[in-house]
Number of protein chains: 2
Amino acid sequence: MGTPLSRSAADVLTSVDLVALTPGTPAFVAAVEQVLTEFFASRREIVEPLGPVFVDAAEALEQFVVRGGKRTRPGFAWTGWLGAGGDPSAPEAASVLTACAALELVQACALVHDDIIDSSRTRRGFPTVHIDFTDRHRTAGWSGDGEAYGSAVAILIGDLALAWADDLVNAAGLDTASFARFAPVWARMRTEVLGGQLLDINGEAGGDESVEAALRINRYKTAAYTIERPLHLGAALAGADDALVAALRTYGTDVGIAFQLRDDLLGVFGDPAVTGKPSGDDLREGKRTVLIAEALRRADPESAALIRTGLGTDLDDEAVDRLRAVLIDLGAVDDVERRITELTETGLAAIAHSAATPAAKHLLHDMALAATRRTA
Amino acid sequence: MGTPLSRSAADVLTSVDLVALTPGTPAFVAAVEQVLTEFFASRREIVEPLGPVFVDAAEALEQFVVRGGKRTRPGFAWTGWLGAGGDPSAPEAASVLTACAALELVQACALVHDDIIDSSRTRRGFPTVHIDFTDRHRTAGWSGDGEAYGSAVAILIGDLALAWADDLVNAAGLDTASFARFAPVWARMRTEVLGGQLLDINGEAGGDESVEAALRINRYKTAAYTIERPLHLGAALAGADDALVAALRTYGTDVGIAFQLRDDLLGVFGDPAVTGKPSGDDLREGKRTVLIAEALRRADPESAALIRTGLGTDLDDEAVDRLRAVLIDLGAVDDVERRITELTETGLAAIAHSAATPAAKHLLHDMALAATRRTA
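Computed from a prediction, not measured in an experiment: that's the story for all the values here. (Residues numbered from 1 in each chain as written. Chains lettered and ligands numbered in written order. Predicted model: local features only at pLDDT ≥ 70, side-chain atom pairs only at ≥ 80, totals over all residues. Heavy atoms only, no water.)

Draft legend 1. Representation of the packing of helix H3 (residues 52-66) of chain B against helix H6 (residues 103-117) of chain B in the model. All names here are of chain B. Where H3 contacts H6, the axes come no closer than 10 Å and their chain directions differ by 105 degrees. One element, H3, and the other, H6, form an angle in the roughly perpendicular class. Only Leu105, Ala108, Leu111 and Val112 of H6 make contact with H3, whose side of the interface consists of Leu61, Phe64 and Val65. Among the residues making up the contact of H3 with H6, the classes are represented as seven nonpolar, no polar and no charged. (Axes fitted to C-alpha atoms, helices over the stretch in contact; angles between N-to-C directions. Helix = DSSP H or I, 4+ residues; strand = E, 2+ residues; numbered from the N terminus. Parallel < 35°, antiparallel > 145°, perpendicular 65-115°, else oblique. Contact = heavy atoms within 4.5 Å. Nonpolar A, V, L, I, M, F, W, Y, C, P; charged D, E, K, R; others polar.)

Draft legend 2. Quick look at the interface of chain A and chain B. The interface of chain A with chain B comprises 64 residues on the first partner and 64 residues on the second. A combined buried area of about 5,500 Å² lies between chain A and chain B, and 69% of that area is made up of carbon and sulfur atoms. Across the chain A-chain B interface, the total number found is four salt bridges. Residue glutamate 45 of chain B pairs with arginine 188 of chain A through a salt bridge whose shortest N-O separation is 3.1 Å. Along the contact surface separating chain A from chain B lie 15 residue pairs in polar contact (both at pLDDT 80 or more). Of all the secondary-structure elements, those providing two or more residues to the side of chain A that touches chain B are helix H2 (26-47), helix H3 (52-66), helix H6 (103-117), helix H8 (146-171), helix H9 (176-205), helix H10 (211-237) and helix H11 (242-269) of chain A. The element contributing the most residues to the side of chain A that touches chain B is H9 of chain A, with 20 residues. (Buried area = accessible area lost by both parts, 1.4 Å probe. Salt bridge = Lys/Arg side-chain N within 4 Å of Asp/Glu carboxyl O. Polar contact = N/O pair within 3.5 Å; in protein donor to acceptor, adjacent residues only side chain to side chain.)

Draft legend 3. Molecular detail of the relation of the copies chain A and chain B. Expressed as a screw transformation, the operator carrying chain A onto chain B has a rotation angle of 180 degrees and an axial translation of 0.0 Å, and the superposed copies differ by an RMSD of 0.0 Å. Both copies of the chain, as the preceding transformation shows, are related through a two-fold rotation axis. (Least-squares fit on C-alpha atoms with pLDDT ≥ 70 in both.)

Draft legend 4. Representation of the domain arrangement of chain A in the model. Residue and element names in this part refer to chain A. You can read the domains of chain A as domain 1 (1-174) and domain 2 (175-376). Domain 1 and domain 2 are separated by 24 Å when their C-alpha centres are compared. Each partner contributes residues to the interface: domain 1 has 30 residues there, and domain 2 has 32 residues. Overall, the association of domain 1 and domain 2 removes approximately 2,500 Å² of surface from exposure, summing both partners, and the carbon and sulfur fraction of that is 73%. Three residues stand out in domain 1 for area buried against domain 2, namely Arg73, Phe76 and Leu174, and they jointly supply 26% of the buried area on that side. Lysine 221 is the partner of aspartate 114 in a salt bridge, and the nearest nitrogen-oxygen pair spans 3.3 Å. Our count for the domain 1 to domain 2 interface comes out at eight residue pairs in polar contact (both at pLDDT 80 or more). Broken down by element, the side of domain 1 that touches domain 2 gets its largest block of residues, 10 residues, from helix H4 (residues 72-83). Split by residue class, the side of domain 1 that touches domain 2 holds 16 nonpolar, 11 polar and three charged. (Domains from an automatic or database assignment.)

Draft legend 5. Representation of helix H17 (residues 332-352) of chain A in the model. Residue and element names in this part refer to chain A. Taking 1.5 Å of rise per residue, 21 residues should cover 30 Å, and H17 covers 30 Å from first to last C-alpha, within 8% of that figure. Taken together, the buried positions of H17 are Ala332, Val333, Asp335, Val336, Arg339, Ile340, Leu343, Thr344, Gly347, Leu348, Ala350 and Ile351. Residues of H17 that are buried make contact with H10, H11, helix H14 (290-298), helix H16 (317-329) and helix H18 (358-372). (Expected span 1.5 Å × (residues − 1). Buried < 20%, exposed > 50% of the residue type's maximum accessible area, 1.4 Å probe, protein only.)

Draft legend 6. Up close: the packing of H6 of chain A against helix H8 (residues 146-171) of chain B. Closest axis-to-axis distance for the H6 of chain A/H8 of chain B pair is 10 Å, and the angle between their directions is 160 degrees. When the axis of H6 of chain A is compared with that of H8 of chain B, the two are roughly antiparallel. Crossing geometry of H6 of chain A relative to H8 of chain B is assigned as right-handed. When H6 of chain A is examined against H8 of chain B, the residues Cys109, His113, Ile116 and Ile117 of chain A are found in contact with a partner set consisting of Ala152, Ile155, Leu156 and Asp159 of chain B. Of the residues that constitute the contact of H6 of chain A with H8 of chain B, the class distribution is six nonpolar, one polar and one charged. (Left-handed = near helix turned anticlockwise from the far one by under 90°.)

Draft legend 7. Just the packing of aromatic side chains, in detail. Residues and elements named next belong to chain A. Under the criterion given, the structure shown has 13 aromatic pairs over all chains. With a centroid separation of 4.9 Å and an interplanar angle of 35 degrees, the aromatic rings of tryptophan 78 and tryptophan 81 are classed as tilted. Placement of both tryptophan 78 and tryptophan 81 in helix H4 is noted, with a separation of three residues, approximately one turn of the helix. Here the two residues tryptophan 78 and tryptophan 81 agree in accessibility, since each one is buried. Counting every residue linked through ring pairs, the aromatic cluster contains Phe39, Phe40 and Trp164. Across from the ring centre of phenylalanine 64, 5.0 Å away, lies the NZ or CZ of arginine 124, which sits over that ring. Between arginine 374 and the ring centre of phenylalanine 259, over which it is positioned, the NZ or CZ distance is 4.2 Å. (Phe/Tyr/Trp six-rings, centres within 6.5 Å; stacked < 30°, edge-to-face > 60°. Lys NZ or Arg CZ within 6 Å of the ring centre and 35° of its normal.)

Draft legend 8. Structural detail: unusual backbone geometry. Here the phi dihedral of arginine 124 of chain A falls at roughly 55 degrees; this positive angle occurs in a residue that is not glycine. As for its position among the elements, arginine 124 of chain A is in the loop between strand E1 (122-123) and strand E2 (126-127). The exposure class assigned to arginine 124 of chain A is partly exposed, which follows from its relative accessible area of 37%. Its identity is not glycine, yet serine 119 of chain B carries a phi of approximately 55 degrees, on the positive side. Structurally, serine 119 of chain B is set in the loop between H6 and strand E1 (122-123).

Draft legend 9. Up close: the pattern of salt bridges. All names here are of chain A. Applying the stated criterion to the full structure yields 60 salt bridges over all chains. Here aspartate 167 makes a salt bridge to arginine 43, at a shortest N to O gap of 3.8 Å. Linking aspartate 167 in helix H8 with arginine 43 in helix H2, this pair joins segments that are 124 residues apart in sequence. Across this residue pair, the class does not change: aspartate 167 and arginine 43 are buried. In this structure, a network of salt bridges that share partners links the residues Glu294, Arg297, Arg298, Asp335, Arg338, Arg339 and Glu342.

Draft legend 10. View of helix H10 (residues 211-237) of chain B. Residues and elements named next belong to chain B. By the largest-angle criterion, alanine 224 marks the main kink of H10, which is about 65 degrees. Counted residue by residue, H10 has 22 buried out of 27 residues, so it is predominantly covered. Taken from the residues just after H10, glycine 239 is the one with a positive phi, measuring 75 degrees. (Bend = angle between axes of the 7 residues up to and from the residue.)

Structure, rendered in structure tokens:
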């Protein structure tokens, strides 16, 4: 019965020098991936008795997770823990890194389900999970609706990721007091990201098109989930006091929103050679960003009509240029640039005046500039 | 930061006499619903800052969960705990009941997502969640695809239920040792039910149509999830030894499969006046049950063709009767009845020879007969 189902976090990470681990570096990415790979291996004894169909699905999830980028969320969580005085040479460090890595499984659920919701066909250069299983259905020559099958499998694979996120936390070996500090923040984080996604699809369906509504989506879908709560989780694990938690959360919210605002600008004005996405792609997709909301707020009826009729349609390059000019002329671009600057400053100020460790302050400073001044 | 986000389980249940609580009774159902209602109330402080759209979604989930029937899974978990010597007058009893109630949130996720996958329009006499939100989209006169919107919201609401299941467990106040025994079983249970659903949709898409494949779906989608693992969870909380856990799991697997086999027979032969479903509904839906698999195994090419071409089509009453006759003549009905009898006997024998408490043995005996001899 009560078998732990996984080697302890400390065993998995014996070969990793946690003291030298810096978020964003290849070594950090490798350490997170080692935790995840080991966790997936530990699931096999539950998955295999159900047969090859389920084994295939679990492997599809593993490939999806292992393919995943920079490990931004575990990076912020680890930084929050270090910044609040967490000791990477202490025995609990491996458990902390394991709990941080679980954020990648929540992210896997969010992405797999989001891709169904947005009918996205590719992700990170590969077919999305629902497209992958739609293809498998066709290849097998099965009966019935292949797209419905693909979506059904992807719903279940996303669910599996979400359940396994909690299983990884539970298997991390956190001590009781740490777990008790971690769990309520973890609860808020998971609920907030689901709420943020809901606000997003609601906004697209035609709800509130105000600047405030767009900012709220940024806050919960991106900022809280990507920076604020990961930092908060790490700080909670280290037993940070309320003042430090508040400073980290201010930084996370402000820099997180600024990060998304930069993303919004790049989605309209970014250089395709740098972003890897077609120029003006967000305009064609009809994304309801703060940039668009601000432009609509400032627009006379004629400009507003131009924006509303153009957004979400198959715009040619000339039409993209025309819309860009409208956004600039209305002052919406300047407004968003001003917000990015202000939010980055308030975020950095909160950290500067906090009791975070000097090393973490330095790291958070660099992470803020990387997130808000990037070109891709 | 580390606010518990809910009153402790003991506070919530002060007015409930846990010693007298018997699964299946209105008092038990009311106690589980009290835990769930109080938990939903505790989520409001996380949900409300995101605004009315998310509040509406959380309320839709709450209504769905509170509407939910007999609380079968918490009932088996509570029985497992009592049967392994859990003391309902002890202070931890309220925490145990809270953890048992969390099974209803896993079930909410399974049903909400299953209804999307099966394109079901009603559940418990109400519109399914995705249909409800499709209707809301239409009523609001929003732009875009209302059905896609409904499915998207229902995906997120199911995710919320799954995340909240773990949050309720984490907030239950289990002591460290109990939690450590509970978590690995909880992990298996969540993974197995998702795997069972996956096998089910795969079977429908045209995978393996053997008796073994159909039995495996029954085992993981129904038996493990409804009886075996709930009993196991309860027993683990009480610190049961391996022999008792094995007996409870044998009972849960055998009686759980027998329960599903009875369901399969009722889906084809049940009296509509008693089951509340149109006669022969499972034949029209084309469900790939053990009954069908056994019939196909026994059939000559002519009978097999009759079954395969009829299943999943809009059969009239005469065609339903013809198919029923084929299933009977092939001996498939007798075979399934024999399986039900044998599985019920092996399940009951395992309990009879176990160290479970006499009260639990009595209860499990009655529950087995209720599950396998019912007419609706």
